[in-house]
Amino acid sequence: MPHGFPSGQPAVFRAVLHPHRSLGPRGFRILMGALVAVSAAVGGLFLANGAWPVLGFFGLDVLLVWLAFQASYRSGRLYETVELTPERLTVQRVEPARPVRTWTFQPYWLRVAMDDPPQHHSHVTLSSRGTTVIVGSFLSPPERLDFANALRRALDRVRRPPAG
């Protein structure tokens, strides 16, 4: 759940952006099991041939791979929430072990920038009155472009309410 959005108005647009992790918990267990089995088998061969110090390096490799995945999963808990109401656009970034950061923009002055076609280094940049925030940097380039276009359409609806 987002941490305390200030608006009481209904959202016109709301997106919760999460980093993609292609290897889930089950796949991680299978990968680590296979890595441990291969390291133990090869390490056992070295041990049988009298090269027992090499065995420790195989265990170190497994530990380093496990630590790298733990760091990746920890960074995967990052998420950003973007909420647009007729009165404001609010961005919240929630990162593990860091304070929640919140930016608020007035929709009429907000500029959404994104390269089209998207490049690997392209960013969705929200800017208004001297404040600039990059949103969804962990998304793939096509996902960033889809998000930017959806946000632009929502901003257009807020800026030009239907005549009636």
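This text goes with the structure placed above it.
Every chain is numbered independently, its residues counted from 1 as its sequence is written. Selection of residues for local features in this predicted model requires a pLDDT of at least 70, selection of side-chain atom pairs for listing and counting requires 80 or more, and totals for whole chains, interfaces and linings are taken over all residues. In computing side-chain properties, one takes all heavy atoms of the structure into account and sets aside hydrogens as well as water.

Undergrad: Explanation requested: unusual backbone geometry in the structure shown.
TA: Most peptide bonds adopt trans geometry, and most residues besides glycine take a negative phi value. Here Ala-97, not a glycine, exhibits a phi torsion of approximately 60°, which is positive. The way it works is that DSSP assigns letters per residue, a run of H or I at least four long becomes a helix, a run of E at least two long becomes a strand, and they are numbered from the N terminus. Relative to the helices and strands, Ala-97 resides in the loop between strand E3 (89-94) and strand E4 (101-105). When a residue's accessible area, from a 1.4 Å probe over protein chains only, is under 20% of the maximum for its type it is buried; when over 50% it is exposed; and in between it is partly exposed. Classification of Ala-97 by relative accessible area gives exposed; the value is 88%. Its identity as a non-glycine residue notwithstanding, Arg-129 has a phi of 50°, on the positive side.

Undergrad: Please clarify how the sheet that holds strand E1 (residues 13-17) should be interpreted in this entry.
TA: Pairing between the strands of a sheet is mediated by backbone hydrogen bonds and can be parallel or antiparallel. The 4 strands lie next to each other as E1-E2-E3-E4, forming an open sheet whose pairing is antiparallel. Both edges of this open sheet fall to E1 and E4, since each of them pairs with a single strand only. Pairwise comparison of adjacent strand axes, ignoring direction, gives a mean angle of 10° for this sheet. The pairing criterion for strands is at least two bridges between them, as found by DSSP. Sheet analysis places strand E2 (residues 79-84) next to E3, joined by 6 bridges and oriented antiparallel. Each residue of the ladder has a partner; that of Leu-84, found in E3, is Leu-89. Helix-sheet contacts for helix H3 (residues 141-159) involve E1, E2 and E3, and the interaxial angle to E1 is about 160°. What counts as an axis is a line fitted to C-alpha atoms, over the stretch in contact for a helix, and the angles between N-to-C directions run from 0 to 180 degrees. Two residues qualify as a contact provided that any one of their heavy atoms is within 4.5 Å of a heavy atom in the partner residue.

Purely spatial values, then, with no claim about function.
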